[in-house]
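Each chain, written out:
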Amino acid sequence: MTQEELKAQEEAFWNSPLDEEERSYEDNAEKLVSAPEWVGKSLREAAKNPPTVHYSERQVKKPVTFRMDVADMDRIKQMAMEQGLQYQSLVGSILHRYAMGTLVDITEARKVFVAR
């Protein structure tokens, strides 16, 4: 990709319309507060030192069977379809992030960044 194409792509990104969540942040910007320094430090440290899983270890897959509520399964399938994923991949991703301790509850995360 040429420099001109990269510049055009970047300009298109910054000039694209805001989605609903982005508009909400924009409309409520005066209510937002800076996160405590320890939060930023913790996030920067996590970014520098991500959990290490060797690629060869991740190749070993084990089939599992479990029961879950039909409504939950339907919602997961819908979410996977919206993201262009197979639902098994989404479930596997969720379980992997939970196992690695990186699954974040967005409601709890917003509490850190939004003034009450």
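Just so it is clear, the structure is predicted and the values come from calculations on it, not from any experiment.

Engineer: Could you clarify how one ought to interpret the overall build of the chain in this entry?
Structural biologist: When helices and strands are tallied, the chain shows 7 helices and 0 strands. Starting at the N terminus, the α and β elements of the chain follow one another as α-α-α-α-α-α-α. Overall, the C-alpha framework of the chain stretches about 45 × 45 × 35 Å when taken along its three principal axes. Residues counted as buried form 6% of the 116 residues belonging to the chain. Of the contacts formed within the chain by residues at least 6 apart in sequence, a portion of 51% connects residues at least 24 apart. A total accessible area of about 10,800 Å² is found for the chain, and carbon and sulfur atoms account for 56% of it. Here the chain carries 16 positive and 20 negative side-chain charges, and the mean point of each set is 9 Å from the other.

Engineer: Quick question: what am I supposed to make of the environment of R75 here?
Structural biologist: As for its position among the elements, R75 is in helix α5 (residues 70-83). Given a relative accessible area of 45%, R75 falls into the partly exposed group.

Engineer: Looking at this structure, I do not really get the environment of M1. What am I missing?
Structural biologist: As for its placement among the helices and strands, M1 is situated in the segment before α1 (3-14). Excluding residues that lie within four positions of it along the chain, M1 makes contacts with L6 and Q9.

Engineer: What exactly am I supposed to notice about the confidence of the model for the chain here?
Structural biologist: Do not read the fine detail of predicted coordinates wherever pLDDT is low. The predicted model of the chain averages 85 in pLDDT, with 91% of residues at 70 or higher. Within the chain, no element has a lower average pLDDT than helix α4 (residues 55-58), which sits at 58, and none a higher one than α5, at 93.

Engineer: Help me understand the packing of aromatic side chains in this model?
Structural biologist: The relation between two aromatic rings is expressed through the spacing of the ring centres and the mutual angle of the planes. Within the structure shown, the criterion is met by 1 aromatic pair. With 5.0 Å between their ring centres and 80 degrees between their planes, F13 and W14 make a pair best called edge-to-face. Exposure remark for F13: the relative accessible area of 51% places this residue in the exposed category. For the cation-ring pair, K77 lies above Y87, with the distance from its terminal atom to the ring centre recorded as 4.9 Å.

Engineer: Which parts of the structure should I look at to understand the pattern of salt bridges?
Structural biologist: Between side chains of opposite charge, pairing is possible as soon as their charged atoms come close. Tallying each qualifying case throughout the model produces 1 salt bridge. In this structure, E37 engages R44 in a salt bridge whose closest nitrogen and oxygen atoms are separated by 2.7 Å. Judged by its relative accessible area of 46%, R44 is partly exposed.

Engineer: Teacher, can you tell me more about helix α3 (residues 37-48) here?
Structural biologist: Each turn of an α-helix holds 3.6 residues, which means side chains three or four residues apart point in the same direction. Its 12 residues place the ends of α3 17 Å apart at the C-alpha level, agreeing with the 16 Å of an ideal helix rising 1.5 Å per residue. For α3, the buried fraction is low: 1 of the 12 residues fall into the buried class.

Engineer: Honestly, the environment of V39 in this entry has me stumped. Any pointers?
Structural biologist: For V39, the position within the fold is in helix α3. As a C-alpha pair, V39 and P51 span 12 residues in sequence and 18 Å in three-dimensional space. The residues touching V39, leaving out its near neighbours within four places in the chain, are V112 and F113.

Basis of the calculations
Residues numbered from 1 in each chain as written. Predicted model: local features only at pLDDT ≥ 70, side-chain atom pairs only at ≥ 80, totals over all residues. Heavy atoms only, no water. Helix = DSSP H or I, 4+ residues; strand = E, 2+ residues; numbered from the N terminus. Buried < 20%, exposed > 50% of the residue type's maximum accessible area, 1.4 Å probe, protein only. Contact = heavy atoms within 4.5 Å. Areas by Shrake-Rupley, 256 points an atom, 1.4 Å probe, with all protein chains shown as cover. Lys, Arg positive; Asp, Glu negative; His and termini not counted. Charge placed at Lys NZ, Arg CZ, Asp CG, Glu CD. pLDDT = per-residue confidence, 0-100. Phe/Tyr/Trp six-rings, centres within 6.5 Å; stacked < 30°, edge-to-face > 60°. Lys NZ or Arg CZ within 6 Å of the ring centre and 35° of its normal. Salt bridge = Lys/Arg side-chain N within 4 Å of Asp/Glu carboxyl O. Expected span 1.5 Å × (residues − 1).

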